[in-house]
Amino acid sequence: LVRERKIHLAEELFSLAQSLNEGGEPGLLNYCTGGGATVKKNLQKTIDAVWVPTSQEDSGHQKVLCGPKLQELQRRALKPSKKCSENTSFKVVELCVGGLASILDA
């Protein structure tokens, strides 16, 4: 839920929990408060932990790009693709292989 709604602050999650509680879903509010009347002291740490990378691949996205690596990425982004040229054309076709369309056609 935290990632899905891009929540970064305990106050944001607590506000959402209050809204859900008013709608008859007390579970998140109970989690945020620990059954008490105020926000749990460690709720912000819990939310922060959701955003910590879990693997080496993910951690690369948090590193600042600078110097040669940034220049190389900029060069590659500005370089035209070998696969596409001025003469490349695209044809858009409508294709449906199942689902509701195949039921309606039956």
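Preceding this paragraph is the structure being described.
These numbers were taken from a predicted model, which means no experiment stands behind them.

In this model, Lys 6 sits at a positive phi of 55°, which is unusual for a non-glycine residue. Structurally, the position occupied by Lys 6 is in the segment before helix 1 (10-22). The class of Lys 6 is exposed, set by a relative accessible area of 58%.

A few words now on helix 5 (residues 67-78). Compared with an ideal rise of 1.5 Å per residue, which puts 12 residues at 16 Å, helix 5 spans 17 Å between its outermost C-alpha atoms and is within 8% of the ideal. Summarising burial for helix 5: zero of the 12 residues are buried, a small minority.

This part is about the pattern of salt bridges. According to the stated counting rule, one finds one salt bridge in the structure shown. With a closest N to O distance of 2.8 Å, Glu 72 and Arg 75 form a salt bridge. Of the two residues, Glu 72 and Arg 75 are both situated in helix 5; the distance of three residues between them amounts to about one turn of the helix. Take Arg 75: its relative accessible area is 44%, and that puts it in the partly exposed class.

Bringing the packing of aromatic side chains into the picture now. With the rule as written, the count across this model stands at zero aromatic pairs. The ring of Tyr 31 is capped by Lys 40, whose NZ or CZ atom sits 4.0 Å from the centre of that ring.

Rules and cut-offs
- Here the residue numbers are simple positions, counted from 1 along each chain's written sequence.
- Thresholds applied to this predicted model are a pLDDT of at least 70 for local features of residues and 80 or more for the giving and counting of side-chain atom pairs; totals over whole chains, interfaces and linings are not thresholded and use all residues.
- The basis for the side-chain values is all heavy atoms of the structure; hydrogens and waters are excluded.
- Numbered from the N terminus, helices here are DSSP runs of H or I no shorter than four residues, and strands are runs of E no shorter than two.
- With a 1.4 Å probe rolled over the protein chains alone, any residue whose accessible area is under 20% of its type maximum counts as buried; one over 50% counts as exposed, and the rest are partly exposed.
- In this analysis, the expected span of each helix is defined as 1.5 Å times one less than the number of residues it contains.
- Salt bridges are counted wherever a side-chain nitrogen of Lys or Arg sits within 4 Å of a carboxyl oxygen of Asp or Glu.
- Centres within 6.5 Å make a pair out of two Phe, Tyr or Trp rings, where for Trp the six-membered ring is used; the pair is then stacked when the planes are under 30 degrees apart, edge-to-face when over 60, and tilted otherwise.
- Our definition puts a charge over a ring when NZ of Lys or CZ of Arg is within 6 Å of the ring centre and also within 35 degrees of the ring normal.

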